[in-house]
Structure formats: C-alpha cells, structure tokens
Amino acid sequence: MDRRWWSQLCFVFIVLAMPSSFCLAMDLYVTPAGNDAWSGQQAKPNAAQTDGPFATLERARDAIRQLKPQGPLPPGGVTVHIAGGDYVLRTTFELTAEDSGTAEAPIVYRAEPDAPARLIGGRRVTGFKPVTDTAILQRLDPSARGHVVAADLKALGVADMGDAVAAGQRLEFFFQDRPMTLARWPNEGFTTI
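In this text, all values refer to a predicted model and were calculated from it rather than measured experimentally.

**Q** I tried to follow the overall build of the protein chain on my own but got confused; where do I start?
**A** For the protein chain, the helix and strand inventory stands at four helices and nine strands. For the protein chain, the α and β elements follow one another from N to C terminus as α-α-β-α-β-β-β-β-β-α-β-β-β. Sorting the 193 residues of the protein chain into buried and exposed places 19% on the buried side. Across the protein chain, every contact between residues at least 6 apart in sequence was considered, and the portion connecting residues at least 24 apart equals 57%. Carbon and sulfur atoms form 57% of the exposed surface of the protein chain, whose accessible area is close to 14600 Å².

Below, the structure written as structure tokens:
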C-alpha cells in the first residue's frame with residue numbers, strides 16, 4: 001500500500017477509536033466582560049471582538065435550551081464555565097426540568113477554579129446624603145443627628161420594599177458583605193401598646 005494512504009487510514013481509525021464524549025462534549029463560557037450576542041463557545045473574546053463568551057448565565061441557559069429541539073444533547077453533555085467576577089441578577093436565575101441533562105449528557109454549571117464567581121441578586125445602594133429634613137432630625141437623638149445618611153431607593157429602581165413584618169419578605173441590607181440590621185424601634189425587645 002501507498003504510505004500516504006496508510007497514514008490516512010490510521011488517522012481514521014484513531015478518530016473512530018476516541019470516546020464519543022471526548023469528541024462531542026460541548027463547552028460554553030460566561031464572563032462578566034462577555035457579550036450575550038456572541039456564541040459563548042470561546043473562553044476569551046477573539047481579536048476582532050466579534051465572538052467570545054456570554055455575559056450572563058441566562059444566555060448560556062437559553063443557548064442550551066435552543067440545542068434541545070435539534071436533537072439530543074451531545075454525548076458528554078454541556079459544561080458552562082463561569083469565569084470569576086460578580087454577576088448582578090435583575091431577576092431570579094431559574095432552572096426548570098427543561099434545563100436538565102441526562103446521565104450520558106449532563107448539563108453542568110461550574111465556576112472556574114481559583115476565580116470566585118458571585119451571583120448578586122441585590123442592588124448597589126449609592127447616593128447617600130446627610131438627612132436634612134427637620135421633622136426627621138427632631139425624632140433622632142441629638143448625638144446621632146449629624147451622622148445619619150439616607151439614600152433614595154426608588155431613584156435606584158427599587159420599587160418593591162418588601163414587608164417589614166412578614167418573615168422572609170423583608171428588605172435585606174449588606175455592608176462589606178455582612179448583613180446589617182434594618183433600623184427599628186425599639187432596638188431591643190418589644191414595646192407594649
């Protein structure tokens with residue numbers, strides 16, 4: 001046999017002998033600096049900035065949903081690689097039965113090693129200003145009056161203020177990643193009416 005033909009035949013046998021999950025598993029990438037208009041199939045943007053990773057988990061989830069009507073998921077499944085960084089979620093990231101894989105083709109969302117990925121469901125509160133309303137200042141202890149600041153949550157797009165008396169429905173406030181206690185009266189115990 002011709003040596004060239006023999007090397008081509010060997011190549012075909014090697015490819016056929018590879019496990020199908022190795023050949024066909026799919027990887028998608030998400031990074032805060034990505035773009036949801038891109039394919040999500042590259043870990044970093046290309047030089048022309050025309051393709052690269054997605055920006056949101058929702059876009060990766062929806063790309064997988066679009067694969068399913070085309071036939072079964074690739075053997076080996078789909079892995080969504082989540083780069084380190086903060087992902088601000090405006091709505092709940094919802095996965096349903098529709099987003100399940102199988103034992104042969106699992107769907108896995110995985111943060112990259114040594115790069116913490118944080119899903120943030122809240123809003124950053126900015127624009128704090130000293131309280132100047134005299135009616136409010138009169139209700140404060142004199143020693144606190146010059147130290148109280150306030151921010152306009154409605155101006156920041158927070159329309160749902162929750163329910164201050166219903167467990168699990170109160171607003172939460174975090175400072176330096178630690179939960180804070182919302183202002184209340186009395187600060188300790190209960191009051192008798």
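Once you've had a look at it, read on.
**Q** Whenever I open this one, the sheet that holds strand E2 (residues 78-82) confuses me. Can you help?
**A** Either a parallel or an antiparallel arrangement is found when strands of a sheet pair, and the pairing is made through backbone hydrogen bonds. Strand order across the open sheet formed by three strands is E1-E2-E4, with parallel pairing between neighbours. Each edge of the open sheet is held by one strand with a lone partner, namely strand E1 (26-30) and strand E4 (107-111). Taken over all neighbouring pairs, the strand axes of this sheet differ in orientation by 20° on average, direction set aside. Pairing geometry for E2 and E4, over five bridges, is parallel. Among the inter-strand pairings, Thr79 is bridged to a residue of E4, identified as Val108.

**Q** Is there a simple way to explain the packing of aromatic side chains in this structure?
**A** The geometry of an aromatic ring pair is captured by two quantities: the separation of the ring centres and the angle between the planes. Tallying each qualifying case throughout the model produces one aromatic pair. Their ring planes at 75° and their centres at 5.9 Å tell us that Phe93 and Tyr109 sit as a pair that is edge-to-face. Linking Phe93 in the loop between strand E3 (85-88) and E4 with Tyr109 in strand E4, this pair joins segments that are 16 residues apart in sequence. Overall, Phe93 belongs to the buried group, its relative accessible area being 18%. By relative accessible area, which is 25% here, Tyr109 ends up partly exposed.

**Q** Sorry if this is basic, but what is going on with the side chain of Thr31 here?
**A** Its location among the elements puts Thr31 in the loop between E1 and helix H3 (57-67). Once residues within four sequence positions are removed from consideration, Thr31 is found in contact with Pro53, Phe54, Ala55, Ala83 and Tyr87.

**Q** Help me understand the pattern of salt bridges, please; the structure alone is not making it clear to me.
**A** Opposite charge on two side chains allows them to pair when their charged atoms are near. All told, the structure shown has six salt bridges when counted by the stated rule. In this structure, Arg61 engages Asp62 in a salt bridge whose closest nitrogen and oxygen atoms are separated by 3.1 Å. Under the relative-accessibility criterion, Asp62 is labelled partly exposed at 27%. A salt bridge links Arg65 to Asp62; its shortest N-O distance comes to 3.9 Å. Within this pair, Arg65 and its partner Asp62 are both found in helix H3, separated by three residues, close to a single helical turn. Taking the relative accessible area as the measure of exposure, Arg65 reaches 22% and is therefore partly exposed. Three or more residues joined by partner-sharing salt bridges are found here, namely Arg61, Asp62, Arg65, Glu98 and Asp99.

What counts, and at which threshold
- Residues numbered from 1 in each chain as written.
- Predicted model: local features only at pLDDT ≥ 70, side-chain atom pairs only at ≥ 80, totals over all residues.
- Heavy atoms only, no water.
- Helix = DSSP H or I, 4+ residues; strand = E, 2+ residues; numbered from the N terminus.
- Buried < 20%, exposed > 50% of the residue type's maximum accessible area, 1.4 Å probe, protein only.
- Contact = heavy atoms within 4.5 Å.
- Areas by Shrake-Rupley, 256 points an atom, 1.4 Å probe, with all protein chains shown as cover.
- Pairing = 2+ DSSP bridges.
- Axes fitted to C-alpha atoms, helices over the stretch in contact; angles between N-to-C directions.
- Phe/Tyr/Trp six-rings, centres within 6.5 Å; stacked < 30°, edge-to-face > 60°.
- Salt bridge = Lys/Arg side-chain N within 4 Å of Asp/Glu carboxyl O.

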